[in-house]
Every structure is written in structure tokens, then in C-alpha cells.
Amino acid sequence: MKIACVIPTYNNFKLLKGTLKSIFFQTRMLDDVFVIDNASDDNTSEVKKIFPEVKYIRLDKNVGSAGAYYEGLKLSKDMVDFVFLSDDDNVFSPDSLANLEETMLELDKEENVGAVKCAWDGYKSNAPRKVKSSVWSGMLVKTSVINKIGLPRKEFFIYSDDVEYCYRMRKYGFLIYVAPTAKYFSRYSGHKQQVAFLGKQFSFYKTPFRIYYAFRNEVYVDLRYNKVKLVKLFLYFLKIFPFLGYSKCMAAIVGIKDGVLGKLGENKRYIVER
């Protein structure tokens, strides 16, 4: 079985190096590693000097993480049997990939498995567990599934493209599992802030850019796959509303409106940032 790894990145060279180090330290060697650079203006292009095995693809413009995952999967899906996905700020235990592959092959003997996912820090179960959806990072996906159900939707730009894809997999009858013996760890990216009110903690994105896409895309996905979650999303908005300030509040409202109207793609009003 052949496995490729796809890592989108944007202006995050320092953490990207740590991610690649953990990828190349895997006990199960990868057949290809693709770094999809979203037109970074830092020194990301130097990645080939440090990791000559990497296949470095620089895009002409920033198409968001959704667009970069789309390009990476389109490029790799016909070369290998599985694609391993990672954000540019995660690290993995050395046996993660080997355990993902072993879990995938074992479960696939009896069930129609489309993807298996690394367990996050603090995951409690000792047995593989079915999940409804997952983030991309730490996921091993069958390329036969990609060829059947299509590529992720790059129009999401950032956020929820992974959730939509998981729902789509399940719609086609493919299951998604968490493999507890495969571990990954996210390093703090600083995108969110926390507030305390009446003894409860709430977190939300710090910038209008991230608030807009998070609300827009979740509304879009929930309307099509899980309308019950819309209630939870609107309750969440009401909880964080007093703490957002004008610009973030308007970003959430515009995002909700565009999600209802189905307006995807990049919104030039909300400038891309790291």
C-alpha cells in the first residue's frame, strides 16, 4: 500500500518544520510528502533545503486551507492508496501512521471504512470509535473514496470543508473511525480568545476574517446535513455576542447571511491573515 501526505501551509515556516520533522520520523515511511504553499511571503520556500524529500508546490495565490487541501488531494489521489492529511502546526507520535494504516486495514475487513483519524490529546477510549465528522489534520483517507465521491469543496476557503467531506463520505456509506493508538498534538496557534462569564468559559476567533468564514461555512453545512446543529450555533452566537465588538459581530452576521444564501468562495471584504 502506498501513502502520500498532504500539508497545506501559509506563512508558518517555523511550525511547519516541526510538523515535517514528525512526519519524517514516522516508523511507517511515506511514499510522498506534498507541501502546498498558499503563496506565503515568509521563507517557506526554503523547506526543500531542509527536507529535500518534500514535493513543494507553491500556488499563485492564497486559496485558503480548503483550496490547498483540494489541490493536494487532486495531485496525489491517483498516485497512492491512501492520503494522510496534516495542518502545518501539528505533530504526531512516531507510530501514528503505522497505527492508522493497521486500524484501517483491520476495520475494513468487516466494515466499509472511508477514513481513520488520529486521536487527539486527552482522548479517553482505548478502542476504535465511530465518529460523524472530523477535522482534516491527522486523517488517513482512502483514495478510492475520493475517486468515488469527489474532491473537497475548495469554495469553503477555510473551515468546514473537512466536516462537509465527512458528511459526504457517510452519505455514500463510508464510515469514519478514530484510532486511539495513533496520536497527534496541536500546537497553540493563537487564533482564539477566551472569556469568562457567570462562571463559564467561552472561546471564539479573535479576528473578523476567521469569524466570518467559521459562521458562514457552518451554517451552509448544517443547512444541508444537520439542521439540529443550527440551533446550537445560534445559541453559541447569543452567548458570545456581548464580547465580540462591532467588527466581529458584523462578520458573524454577514457570515450567517451568506451561509443561508449559499454564497461561498473568498470574500474580499475579509482579508486573509495567518
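For the structure itself, look to the data block above.
Rules of the game
- Residues numbered from 1 in each chain as written.
- Predicted model: local features only at pLDDT ≥ 70, side-chain atom pairs only at ≥ 80, totals over all residues.
- Heavy atoms only, no water.
- Helix = DSSP H or I, 4+ residues; strand = E, 2+ residues; numbered from the N terminus.
- Rg over C-alpha atoms; globule rule 2.2 N^0.38 Å.
- Buried < 20%, exposed > 50% of the residue type's maximum accessible area, 1.4 Å probe, protein only.
- Contact = heavy atoms within 4.5 Å.
- Areas by Shrake-Rupley, 256 points an atom, 1.4 Å probe, with all protein chains shown as cover.
- Expected span 1.5 Å × (residues − 1).
- Axes fitted to C-alpha atoms, helices over the stretch in contact; angles between N-to-C directions.
- Parallel < 35°, antiparallel > 145°, perpendicular 65-115°, else oblique.
- Left-handed = near helix turned anticlockwise from the far one by under 90°.
- Nonpolar A, V, L, I, M, F, W, Y, C, P; charged D, E, K, R; others polar.
- Salt bridge = Lys/Arg side-chain N within 4 Å of Asp/Glu carboxyl O.

## With respect to the overall build of the protein
Item 1. Within the protein, the regular secondary structure consists of eight helices and 11 strands.
Item 2. The C-alpha radius of gyration computed for the protein amounts to 19 Å, which stays within 12% of the reference 19 Å derived for 274 residues, consistent with globular compactness.
Item 3. Dimensions of the protein, computed from the C-alpha atoms along their principal axes, are close to 50 × 45 × 35 Å.
Item 4. Per-residue burial over the protein gives 53% buried out of 274 residues.
Item 5. By sequence separation, contacts in the protein at least 24 residues apart represent 75% of the contacts at least 6 residues apart.
Item 6. As presented, the protein carries roughly 13,100 Å² of accessible surface, and 55% of it is formed by carbon and sulfur atoms.

## Considerations on helix H1 (residues 13-24)
Item 1. Between the first and last C-alpha of H1 there are 16 Å, a value that for 12 residues agrees with the 16 Å anticipated at 1.5 Å per step.
Item 2. Those residues of H1 that sit buried are Phe13, Leu16, Thr19, Leu20, Ser22 and Ile23.
Item 3. Where H1 is buried, its residues touch strand S1 (3-9), strand S2 (32-37), helix H2 (47-50), strand S4 (82-85) and strand S5 (90-92).

## Focus on unusual backbone geometry
The general pattern is negative phi for most residues beyond glycine and trans for most peptide bonds.
Item 1. Located in the positive-phi region is Ala39, a residue other than glycine, with phi close to 60 degrees.
Item 2. Of note, Ala39 is situated in the loop between S2 and H2.
Item 3. Relative accessible area serves as the criterion here: at 18%, Ala39 is assigned to the buried category.
Item 4. Residues other than glycine seldom take positive phi values, yet Ser160 does so here, at roughly 70 degrees.

## Observations concerning the side chain of Ser134
Item 1. One can find Ser134 in the loop between strand S7 (129-130) and strand S8 (139-142).
Item 2. Here Ser134 falls in the buried class, since its relative accessible area comes to 11%.
Item 3. Not counting residues within four places of it along the chain, the set of residues in contact with Ser134 comprises Lys117, Met139, Asp162, Val163 and Cys166.

## Some thoughts on the packing of helix H7 (residues 208-225) against helix H8 (residues 228-261)
Item 1. It is at 9 Å that the axes of H7 and H8 come closest, and there the two elements cross at 165 degrees. The angle between H7 and H8 places the two elements in the roughly antiparallel class. The interaxial crossing formed by H7 with H8 has left-handed handedness.
Item 2. Taken together, the residues that form the contact of H7 with H8 break down as 18 nonpolar, three polar and seven charged.

## Comments concerning the environment of Gly67
Item 1. Position of Gly67 relative to the elements: it lies in helix H3 (residues 64-76).
Item 2. Separated by 85 residues in sequence, Gly67 and Pro152 place their C-alpha atoms 8.5 Å apart.
Item 3. Apart from residues no more than four positions distant in its own chain, Gly67 is found in contact with Lys154 and Phe157.

## Overview of H3
Item 1. Here H3 contains 13 residues, and its C-alpha end-to-end distance of 18 Å stays within 8% of the 18 Å for a straight helix at 1.5 Å per residue.
Item 2. For H3, every residue scored as buried is listed here: Gly64, Ala66, Gly67, Ala68, Tyr69, Tyr70, Gly72, Leu73 and Ser76.
Item 3. Against the buried residues of H3 lie S1, S2, S4, helix H5 (143-149) and helix H6 (161-171).

## Here's the deal with the pattern of salt bridges
Item 1. Taken as a whole, this structure holds 13 salt bridges when the rule is applied.
Item 2. A salt bridge links Arg28 to Glu101; the nearest nitrogen and oxygen atoms lie 2.9 Å apart. In this pair, Arg28 is assigned in the loop between H1 and S2 and Glu101 in helix H4 (residues 96-107), connecting sequence segments 73 residues apart. Of the two residues examined, Arg28 and Glu101, each falls in the buried class.
Item 3. Three or more residues are tied together by salt bridges with common partners; here these are Arg28, Asp31 and Glu101.

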